[in-house]
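Below are the chains, spelled out letter by letter.
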Amino acid sequence: MESRWRKAKMSLGLNLCVYVPRTLEGGDDASSPNTASSTAALVSPVASSSSAATSTNTTPTAASAEQSSANGKANGGAGALMPTTPTPTSAGLRLSKSGSKSFKKTCAICLTTMKPGQGHALFTAECSHTFHFHCISANVKHGSSSCPVCRIKWKELPFRGPLPAELPQGNARINPVNGYQNGGHMNILRPLPRARSSGRLHHLATLLPDTDPSTFNDDEPLDLLCEEANDTQQGCLRTVEIKTYPEFTEVPENTSERNFTVLIHLKAPLAQHLQPSSNLGDGNGLSTTRAPVDLITVLDVSGSMAGTKLALLKRAMGFVIQNLGSSDRLSVIAFSSSARRLFPLRRMTESGRQQSLLAVNSLTSNGGTNIAEGLRKGSKVIEERQAKNPVCSIILLSDGQDTYTVSPTAGVHKGAPEYCALLPSTNGNQQIPVHVFGFGADHDSVSLHSISQTSGGTFSFIETEAAIQDAFAQCIGGLLSVVAQGLHVKVESLHPDVHFGSIRSGSYSSRVSDDKRNGSIDVGDLYAEEERDFLVSVNVPPGYGETALLKVGCVYKDPLMKETVNMADVQVKISRPAFVSVQSVSIEVDRQKNRLHAAEVMAEARFSAERGDLTNAVSLLEDCRRMIMGSASGQSGDRLCQALDAELKEMQDRMANRQRYEASGRAYVLSGLSSHSWQRATARGDSTDSESLIQAYQTSSMVDMLLRSQTMSRSSIPRPTPQMRHAKSFPARPQPR
């Protein structure tokens, strides 16, 4: 008994670290000289107060300690770096109970296997979760101060730093006190400053530090080779199709009409897919014949996005990154209590994708919701970029109320003017649309809808968390297929007695001249195969034989060919017989009348609901349904009319009571209004229903991207490869192909 106490006292007096022998794996010998070094690399600082001796039943002796030290010195002198006296930082050293087998798991950040001896340092946090050191240090660099797995806030953080000059070269071990490793140039620990609370919200300066440069003119240069190749392509120019439909094809010769409706129908050309190219070295012999995109995503990473929401957002961004081309550029803005640019506009080459994925995967959630600051920085990226791709857009996603710009008691419309001032300024006639996504039941649908409406973008309501990737897919499916920009429609009277009454163009800006003989509509960008319908009201004077009412033309810019296209005018004429037995209304005109009327009723019903009169709102929607289904197009079984009826019925259900209207009814109605007023697909509610109205505005490019999203498994989304993890974050120039 006395000898046992003597041995225990000797061990305690030496203050030696416990040595845990490695288990045999893959033919490794436990007596190998590298065993001590490998075991030491598994030791990392934790915030536990338990002694290291509790992790093993092995009792250290002086002989084993001396042998361990000798083995360490034999490996480049690293043994001298092992601590001999416990410190406040190393007092809670935790050793693996199962040796290297405990490391047969995946890093929660890069999703690749972790195993000692593969050339990558490992870091075990105070919560006992382990990560690649380069992954977790990048995570901290991008604003994280808590565990990506269990969300516990850390007291000490890993961070990269310069390699001290006095450190020995070779295979150095990690020292929990002075922590470094030659290959990674790292410092293991940095105390986390204690955050201060400011007012009712916690400003997360440590999570999203404002380290952005004063100007955002560091965007990656464009691929000039691709630009020159696109400029020299021939035979790719396709034109917008113009059709007109008078309300009636015949009007009696002695009859005049005061509100005669003419439908102007536009349809964009088909998407231009990959074509063989001999003058563009793209590795696969193909050149993309579409306009490249500058895309800025402004993402909410506030505390309410924690858990599944943030995980699905990262997955959706992975899908976006994968489906952008090498000529497209992406920049990501993350906002919570503050906002920070993760990286400047970067081309989505192979290296660009890998670097972007690393940055997006490092996102963590915490803090308040500062939508205005996120939008301001997103606009700043656009306004200050040095190079410009032909197509540009912002995607904004938020799941909460803006707790910084709009006071909770200020009313639903208070913040709209402030947001409008933060939108990117336009150059000439090109407007930068902001496509907004309201996530979940707690987002500020009114403010988000106002942002999209003012900028010319769409507002989508993502009701279920799992739909976020599909919503993004549908949006970028359109953005990657822009075939016409700045489209401007001109309407001119062809008869001295024909005058315009009004132009019903939804959210598109339209004008009628003072003499009522000329009009115009600003349509903006068109995706491939997109259609636009506008109703022009004119008076029809008495006439004989045939009356020419008006002519329609348009002008736009082809973003790929960089040419201005002037379309030939299309004339609208009607017959003037002496007698008309039966006047048959145009189904095309009647259908669009129903669409516009439904949008007007939706807006009116929402106004009643906001005043608390849900009964009147439901009654308005019911009357509109009866009118649509009783119209000529409704009676003919028109699909658009059937979809309108189903959507109006869904709105009635979501206005059944105040609670449901607040939770989803308001956002559903606003998303529907956005879709109809812009005649563009939005995600809302049961957006996967094949019978829903959304199908009426979807294009082939949107459908293809949506199907790709729905069929893609998680394992197919690209992740950073080990070779890319040490690549430079921001390459100065495009790499040669």
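Values in this document were obtained by computation on a predicted structure and should not be read as measured data.

Chemist: In this structure, what is going on with the pattern of salt bridges? I would like to understand it.
Modeler: It is possible for side chains of opposite charge to pair when their charged atoms get near one another. Counting across every chain of the model gives 30 salt bridges. Among the ionic pairs, R329 bridges to D219, the shortest N-O distance being 2.8 Å. A residue pair is termed long-range when its members are at least 10 positions apart, and R329 in strand β12 (residues 329-335) and D219 in the loop between β6 (186-191) and α5 (224-232) qualify at 110 residues. With respect to burial, R329 and D219 carry one shared label: buried. E610 serves as the salt-bridge partner of R666, at 2.6 Å between the closest nitrogen and oxygen. Within this pair, whereas R666 is found in helix α16 (residues 658-678), its partner E610 is found in helix α12 (residues 587-610), the two being separated by 56 residues in sequence. Take R666: its relative accessible area is 10%, and that puts it in the buried class. Exposure remark for E610: the relative accessible area of 26% places this residue in the partly exposed category.

Chemist: What am I meant to see in the side chain of K380 here?
Modeler: Following the sequence through the fold, K380 ends up in helix α8 (residues 371-384). Note on K380: relative accessible area 16%, which makes it buried. Of the polar contacts made by the side chain of K380, one reaches the side chain of E384; its length is 2.9 Å. With near-sequence residues (within four places) excluded, K380 lies in contact with S214, T215 and F216.

Chemist: Just to check I follow, could you spell out the pairing of strand β13 (residues 339-347) for this structure?
Modeler: Successive side chains on a regular strand alternate, one facing one side of the sheet and the next facing the other. Counting buried positions along β13 gives nine out of nine residues, so the element sits mostly inside the fold. Of the strand pairs in this sheet, β12 and β13 are connected by six bridges, and their pairing is antiparallel. By the bridge assignment, V332 is partnered in β13 with F343. Where β12 hands over to β13, the hairpin turn is made up of three residues, counted between the paired strands.

Chemist: Looking at this structure, how should I read the nonpolar core?
Modeler: Soluble globular proteins tend to pack their nonpolar side chains together in the buried interior. Membership of the largest hydrophobic core comes to 49 residues, with the highest contact counts inside it found for I296, L396, V434, I451 and M655. Non-local contacts of M655, meaning those with residues more than four positions away in its chain, are made with A605, R606, A609, L614, A617, V618, L621, Y661 and V669. Counting residues in hydrophobic clusters, the runner-up holds 47 residues, among them L295, A316, L324 and A334.

Chemist: What should I look at first to understand the side chain of Q592 in this one?
Modeler: Within the secondary structure layout, Q592 lies in helix α12. In contact with Q592, not counting residues within four places along its chain, are L263, D533, L535 and L640.

Chemist: What should I look at first to understand the sheet that holds strand β21 (residues 531-540) in this one?
Modeler: Strand pairing within a sheet occurs via backbone hydrogen bonds; the two strands may be parallel or antiparallel. Strand order in this open sheet of four strands is β7-β8-β21-β18, and the pairing throughout is antiparallel. Looking along the sheet, the strands with just one partner apiece sit at the ends: β7 (241-246) and β18 (500-504). Sheet twist, expressed as the mean angle between neighbouring strand axes with direction ignored, is 20 degrees. Relative to β21, β18 runs antiparallel, the two sharing four bridges. Paired with F500 across the strands is V538, a residue of β21. Along the sheet face, α12 touches β7, β8 (257-267), β18 and β21 and points at about 100 degrees away from the line of β21.

Chemist: Teacher, can you tell me more about the packing of helix α11 (residues 468-479) against helix α18 (residues 700-711) here?
Modeler: The packing of two helices is summarised by the inter-axis angle and the distance between the axes. The interhelical angle for the contact between α11 and α18, taken along N-to-C directions, is 150 degrees, at an axis separation of 7 Å. As judged from the angle between their axes, α11 and α18 are roughly antiparallel. Handedness of the α11/α18 crossing: right-handed. On α18, the residues that touch Q469, D470, A473, Q474, I476, G477 and G478 of α11 are S701, M702, M705, L706, S709 and Q710. Classifying every residue of the contact of α11 with α18 by side-chain character gives five nonpolar, seven polar and one charged.

Chemist: Could you clarify how one ought to interpret the confidence of the model for the protein chain in this entry?
Modeler: Note that predicted coordinates carrying low pLDDT should not be read in detail. When pLDDT is averaged along the protein chain, the result is 75, and 66% of the positions lie at 70 or above. When the criterion is pLDDT under 50, residues 274-287 qualifies, and its contacts beyond four places in sequence or with other chains add up to 24 contacts. Below pLDDT 50 for its whole length, residues 687-694 participates in 22 contacts with residues either more than four positions away or in separate chains.

Reading guide: rules and limits
- Residues numbered from 1 in each chain as written.
- Predicted model: local features only at pLDDT ≥ 70, side-chain atom pairs only at ≥ 80, totals over all residues.
- Heavy atoms only, no water.
- Salt bridge = Lys/Arg side-chain N within 4 Å of Asp/Glu carboxyl O.
- Helix = DSSP H or I, 4+ residues; strand = E, 2+ residues; numbered from the N terminus.
- Buried < 20%, exposed > 50% of the residue type's maximum accessible area, 1.4 Å probe, protein only.
- Polar contact = N/O pair within 3.5 Å; in protein donor to acceptor, adjacent residues only side chain to side chain.
- Contact = heavy atoms within 4.5 Å.
- Pairing = 2+ DSSP bridges.
- Core = buried A, V, L, I, M, F, W, Y, C linked by side-chain atoms within 4.5 Å.
- Axes fitted to C-alpha atoms, helices over the stretch in contact; angles between N-to-C directions.
- Parallel < 35°, antiparallel > 145°, perpendicular 65-115°, else oblique.
- Left-handed = near helix turned anticlockwise from the far one by under 90°.
- Nonpolar A, V, L, I, M, F, W, Y, C, P; charged D, E, K, R; others polar.
- pLDDT = per-residue confidence, 0-100.

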